[in-house]
Amino acid sequence: MKKRRNTLQIRLLRIFFAAVFVQMLIMVLIMPHYISGVVEDNSTQMTAGTVSALCSNLEIYMNDLEKITIIPYMSDEMLGALKQKKEYAGKSMSGEETYRINAILKKELPHYFQMMHRDVTELLLLPLDGSVYLFSTFSNQYYSKDYDYAGQGWYQDAVNAAGGSVFVGNHAQEYVTLPNESGVFSVARLIRDPQDHEPLAIIMADMSTAMLKDIIDSADLNASSYAAVLDQNWKPVYTNRDISEDMLAQAADGARLVSDGHSRYEAVVREEKLSGWKIAVFLSCEEMRRKSEFVYILAGVIAVIAGCVGFLLFYTFSRSVTNPLKKLVETMKTIQIGEECSLQESDMRAPEEIVKLDESFHEMMARMDELVEREYRAIVAQKDMEYTALQSQIQPHFIYNTLNIFIGLNRMGEKELLEQSVMSLAEILRYVLGKDRRTTLGRELDIIQQYCRLQKLRFGERLEFEINWDSRYGNCLIPKLLIQPIVENSIIHGIENKLEGGRLTVDVSELAEGEKTFLEIRIEDTGMGFDLEILGENRGIGIQNVKNRLAYIYPNALFRIGSSRYRGTSVIMRISKEELRYDENCGGR
């Protein structure tokens, strides 16, 4: 009796039913519970990240507001006027002197007030002689003459802070004739004499809550959640919705879950360090529960649909899989003679067709691995040789000429210049012979600066050089010896061969083209130049090596050479700002 063959189609049918029923069981019973927990955890984590981002934005804003209170320190005339007002406090002052002091304060403060944030509504200056200076965005705004400024809590807090900033939560403007009905918050500071640290005045700036509203609104929160900015005492400065005092009291006690008597919320709170204010978000537990219910329903629907679709796909696949596999065997033979193909490794327990395919596949892969390994080692060896050649490209005659210059400096008695020059040469050699393949842009430019100074000793007035660069990009990573070989070519092949010498310029700047921003490195000289049509851009191993190593780190970088005979040469390297990599352990040059 002929034994029945275990065909591929029968095996696929068994696997299909086993896999589908197990997956449906997992999807309907286990996955929803797991996913709902993940959704809740992710919601909490995302909210915590959002609150941290809001807190960072608040900290930036508070830092900007704090700078408003140091305005008097920016003007010597203003400080002088405040000193005189303190000296004449309780004494009579001539009308001319009074007019001069008032003119200084009424001129300087409005000048700075106009440059402040749009949400700064009033600026109040209170010299210690009892006078009041008010500057407002409203032309008809005046201060209350009978208001007891010194008796206010914010005034005493500013005095006690001894020159530090004090942030005042939402409060009424009882000291002006047209107060903001929704209230304002403020930042105040005691102005002191920079020399003897004696108090001169109190300055306070009032802000509307418009910017706080923008900060809170920038977060993508669901409609059932609360968000608030709270002061040091957990009092609301701004809220997107009315929050009960019970919820705030519970959050202040450190409770993670709070209630307003009807619903429960998860509290996420972060404190801003400068002012001690807090960003608080209260997530609706009911909203998260509704999301979990939706997951259960969605899982059931997906399980039914997946089962139906899977069966139809299996039916189609099982009838068409055997013949294509036979054709794949012939394809694998084609791959063995050099053509590319990407196939997944099959199971050795598979039917006869898959086993045969697997044997051909492994034979092919063994050969491909051998070829790839051989080619890879050849490429690595070539790259190492090119890099070694580049490292040694600071030619011996440069070192010999530099040493001769050192001898001349020693005979002339230029000890200090000789010492600096020796240290520069040592630093260049240490950098060139170092094993690091990458460096920062700032470090490369430092070496170029020292290299050009040594060349300046040799060429004298025949060589002028200038290096300009944007310090923001000092810790940008580049291949080591990316710019130096080009600078050396400019001096040796361009300026040295020109009787009257020339000028070398290295310029690193930010360049905007349309919506994209680039870091542009430009090296220009006024040397002999060359004919691009005859010599081309790739002049020797040095330039080609520079292009290759730049493309290795920044594949989309632009490398372009322009030259005109007897007029000079320019080399431009342009890297997209989005692709730039930075050395996190380096703060720049």
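Residues numbered from 1 in each chain as written. Predicted model: local features only at pLDDT ≥ 70, side-chain atom pairs only at ≥ 80, totals over all residues. Heavy atoms only, no water.

Trainee: Please set out the pattern of salt bridges residue by residue, giving values where relevant.
Mentor: Across all of its chains, the model carries 19 salt bridges by this definition. Between Glu464 and Lys456 there is a salt bridge whose closest N-O contact spans 3.2 Å. Its relative accessible area of 35% is what places Glu464 among the partly exposed residues. It is possible to trace a salt-bridge network through shared partners that takes in Glu513, Glu520, Arg522, Glu524 and Arg574. (Salt bridge = Lys/Arg side-chain N within 4 Å of Asp/Glu carboxyl O. Buried < 20%, exposed > 50% of the residue type's maximum accessible area, 1.4 Å probe, protein only.)

Trainee: Residue-level account of the packing of aromatic side chains, with values.
Mentor: For the structure on display, the rule yields nine aromatic pairs. Taking 5.0 Å as the distance between ring centres and 70 degrees as the angle between the ring planes, the aromatic pair formed by Tyr147 and Tyr149 counts as edge-to-face. For the pair formed by Tyr147 and Tyr149, the shared burial category is buried. Relative to Trp277, the ring of Phe167 lies with its centre 6.1 Å away and its plane at 65 degrees, an arrangement referred to as edge-to-face. Residue Phe167 is located in strand β3 (residues 165-171), and its partner Trp277 is located in the loop between β9 (264-271) and β10 (278-284); the two are separated by 110 residues in the primary sequence. Ring pairing ties together the aromatic residues Tyr147, Tyr149, Trp154, Tyr155 and Tyr175, which thus form one cluster. Sitting over the ring of Tyr226, Arg241 keeps its end group 4.2 Å from the ring centre. (Phe/Tyr/Trp six-rings, centres within 6.5 Å; stacked < 30°, edge-to-face > 60°. Helix = DSSP H or I, 4+ residues; strand = E, 2+ residues; numbered from the N terminus. Lys NZ or Arg CZ within 6 Å of the ring centre and 35° of its normal.)

Trainee: Outline the nonpolar core, supporting the account with residue identities and numerical values.
Mentor: In this structure, Leu441, Ile483, Val487, Ile491, Ile523, Phe559 and Met573 are the most contacted members of the largest nonpolar core, which totals 48 residues. The element that contributes the greatest number of residues to this core is helix α12 (residues 441-459), accounting for eight residues. Apart from residues lying up to four places away in sequence, Leu441 is in contact with Tyr473, Gly474, Cys476, Ile478, Ile483, Val508, Leu519 and Ile521. (Core = buried A, V, L, I, M, F, W, Y, C linked by side-chain atoms within 4.5 Å. Contact = heavy atoms within 4.5 Å.)

Trainee: Could you give me a rundown of the sheet that holds strand β16 (residues 558-564), with the residues and numbers involved?
Mentor: Read across the sheet, five strands follow the order β12-β14-β15-β17-β16 without closing on themselves; strand pairing throughout is mixed. With partners counted over all chains shown, the strands left at the sheet margins are β12 (463-469) and β16, one partner each. Each strand of the sheet is rotated relative to its neighbour by a mean of 15 degrees, with strand direction disregarded. Direction of pairing for strand β14 (residues 502-513) relative to strand β15 (residues 516-525): antiparallel, over a ladder of 10 bridges. Opposite Val506, over in β15, you have Ile523 as the bridge partner. On the sheet, helix α13 (residues 484-495) packs against β12, β14, β15, β16 and β17 (568-576) and is oriented at approximately 140 degrees with respect to β14. (Pairing = 2+ DSSP bridges. Axes fitted to C-alpha atoms, helices over the stretch in contact; angles between N-to-C directions.)

Trainee: Requested: an account of the side chain of Gln450, with residues and values cited.
Mentor: By the element assignment, Gln450 lies in helix α12. Relative accessible area serves as the criterion here: at 15%, Gln450 is assigned to the buried category. Once you skip the residues sitting within four places of it in the chain, Gln450 turns out to touch Met423, Ser424, Glu427 and Ile428.

Trainee: Quick rundown of a nonpolar patch on the surface? Include the residues and the values.
Mentor: On the surface, Ile297, Val301, Ile305, Val309 and Leu313 cluster together into a nonpolar patch covering about 470 Å² of accessible area. With respect to the secondary-structure elements, Ile297 resides in helix α7 (residues 285-320). (Patch = residues over 30% accessible without salt bridge, like charges linked within 9 Å, V, L, I, M, F, W, Y side chains within 5 Å. Areas by Shrake-Rupley, 256 points an atom, 1.4 Å probe, with all protein chains shown as cover.)

Trainee: Lay out α12 with the relevant residues and their values.
Mentor: Across its 19 residues, α12 extends 26 Å between first and last C-alpha, which sits within 8% of the 27 Å expected from 1.5 Å per residue. Two residues or fewer past α12, Gly460 is found with a positive phi of approximately 60 degrees. (Expected span 1.5 Å × (residues − 1).)

Trainee: Break down the packing of helix α11 (residues 415-433) against α12 for me, citing the residues and quoting the values.
Mentor: For any two helices packed against each other, one specifies the inter-axial angle together with the distance between the axes. Here α11 crosses α12 at 135 degrees, and the two axes come no closer than 9 Å. The angle between the axes of α11 and α12 places the two elements in the oblique class. In this structure, the crossing between α11 and α12 has a hand that is left-handed. Each of Leu417, Ser421, Met423, Ser424, Leu425, Glu427, Ile428 and Tyr431 in α11 lies in contact with α12, whose residues at this interface are Arg443, Glu444, Ile447, Gln450, Tyr451, Leu454 and Leu457. The residue makeup of the contact of α11 with α12, split by class, is nine nonpolar, three polar and three charged. (Parallel < 35°, antiparallel > 145°, perpendicular 65-115°, else oblique. Left-handed = near helix turned anticlockwise from the far one by under 90°. Nonpolar A, V, L, I, M, F, W, Y, C, P; charged D, E, K, R; others polar.)

Trainee: Talk me through the sheet that holds strand β6 (residues 226-230); I want residue IDs and the actual numbers.
Mentor: Here we have five strands laid out as an open sheet, ordered β7-β6-β10-β9-β8, and antiparallel in their pairing. Each of the sheet's edge strands pairs with one partner strand only, and the pair in question is β7 (236-239) and β8 (257-259). Ignoring strand direction, the axes of neighbouring strands in this sheet form an average angle of 30 degrees. Where β9 meets β10, seven bridges bridge the pair, whose relative direction is antiparallel.

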